[in-house]
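What follows is each chain in one-letter form.
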Amino acid sequence: MTGAIVSSLAFFAAWFATNITHLYISFAVAGIGFGFIYQPPMIILAYYFDKKLARALGISSAGTAIGNFALPPLFQVFINYYGWNGALLIISGLVANAAMFGALYRVSPLELSAKSKSSNLHKRTKALKTETIKHVEVTSQDDQTDSINELKNNQNGCYRFVAIVLKSFDFHLLANIRLIPILLANFTYGLAYVIILQYLPARAVDGGISEIKAAFLLSILGSVSVVVRFTHGYIIDYKILTARTLTALSFLLAAVACVFFPISDEYAILGILSALVGTASGVFNVTVPIVAKEYVGVKRVSGAVGFMLLATGAGVFVGLYLSGILYDNTGSYNLAFFLAGAAFFISSILLFIDPLLIRLLRDGKSSMPPVTMHLRKKSNSYEQVPQPTDLS
């Protein structure tokens, strides 16, 4: 709901724009709102579904793909009849409707459980207020939690804000070495995909295709993405291919398509190539939370998905900048599409190296010296203390 309101107001503010800086700021705020809209549905489904998660995500994300199919030609009509600022006003009204659907979201069982545990912890803390804690042993993760709690207790509003921000980011996830290639793959995907969305219609117009037909290429991309979201969930749920492998293969197809975009001016061929990129888009948008859940578990899936989408957004930002530089210096879209193809290919390779990482981690653990455990008395209980085995 918050995201819909923020994005709607941002597009409304863009209606009054008199310079490019005003549009930059308005669209940036709208992007923040879309981030609030995009992530919660995936997280909620990851809480509620397990065996049929891929199909559930495919159905729920089909709306985005339908929008990609229906809206580009419609927006072109709005621009032709009402101008770009009138089109922004209409978009503002359309986005505002998302707030109504956000009101229908339900709290997940895990969130209810977390609230119950938090309430019980608060009661126990009040009962132990009069006791004195003489010694506390904490791990490195507990140290960060204690630091955050100290900031929260500080009366300075700035410190409290910083504490909330630190708590909202689960930075310990970045210690998961398997997650790093996934984040890099998300970055390169965002870099590649935004180039296609930005320059495909312009590339088609340069080849002698009308503006309406050129905009319809994005509709082809979106329609294929819809079909893929509905169908490939069965491939994952029935374990024909893993979500990671399927995504890597779809990125390879998109890489091939990007190589041929600058070569052909035939509308039919451009439509087929757009469909290949739409396949990659449909697969990727469904598999993000599935891969995150596989790597970090359901309780931390929200943080993992957040980092993955952050990486994708960073790729979008860099992709727009780099492709703009390439076009300004060459006057052609060709190098931008080749850059997109290279980025898709790198994304695919990064996803394929996961089994190698697992093997390396397994070999690393097996090479560690054996450890024996001894019991040491601690207050009224016992704890296990690791003792290195003498290998001499």
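Here, every reference points to the structure presented above.
Remember, it's a predicted structure, so these values are computed and weren't measured experimentally.

Asks: Just checking my understanding: could you explain helix α11 (residues 243-260) for this structure?
Replies: It helps to recall that an α-helix has 3.6 residues per turn; residues three or four apart then point in one direction. With 18 residues, α11 extends 27 Å between its outermost C-alpha atoms, agreeing within 8% with the 26 Å of an ideal straight helix rising 1.5 Å per residue. Those residues of α11 that fall on the buried side of the exposure criterion are A243, R244, T245, L246, T247, A248, S250, F251, A254, A255, A257 and C258.

Asks: Explanation requested: the environment of F261 in the structure shown.
Replies: Position of F261 relative to the elements: it lies in the loop between α11 and α12 (267-296). Spatially, the C-alpha atom of F261 lies 7.9 Å from that of N334, the residues being 73 residues apart in sequence. The residues touching F261, leaving out its near neighbours within four places in the chain, are I196, L200, R203, L270, L273, S274, V277 and F337.

Asks: Help me out: how do you make sense of the packing of aromatic side chains in this one?
Replies: Aromatic rings considered in pairs are described by the distance between their centres and by the relative angle of their planes. Tallied over the full model, the rule gives 15 aromatic pairs. With 6.0 Å between their ring centres and 65° between their planes, Y189 and F344 make a pair best called edge-to-face. Linking Y189 in helix α9 (residues 179-206) with F344 in helix α14 (residues 334-352), this pair joins segments that are 155 residues apart in sequence. For F344, a relative accessible area of 0% translates into the label buried. Every member of this aromatic cluster is reached through a ring pair, and the members are Y189, Y193, F251, F284 and F344. Above the face of the Y295 ring, R178 is positioned so that its terminal group lies 4.1 Å from the ring centre. K213 extends its terminal NZ or CZ atom over the ring of Y267, reaching a point 4.6 Å from the ring centre.

Rules behind the numbers
Residues numbered from 1 in each chain as written. Predicted model: local features only at pLDDT ≥ 70, side-chain atom pairs only at ≥ 80, totals over all residues. Heavy atoms only, no water. Helix = DSSP H or I, 4+ residues; strand = E, 2+ residues; numbered from the N terminus. Expected span 1.5 Å × (residues − 1). Buried < 20%, exposed > 50% of the residue type's maximum accessible area, 1.4 Å probe, protein only. Contact = heavy atoms within 4.5 Å. Phe/Tyr/Trp six-rings, centres within 6.5 Å; stacked < 30°, edge-to-face > 60°. Lys NZ or Arg CZ within 6 Å of the ring centre and 35° of its normal.

On their own, these measurements won't tell you what the molecule is for.
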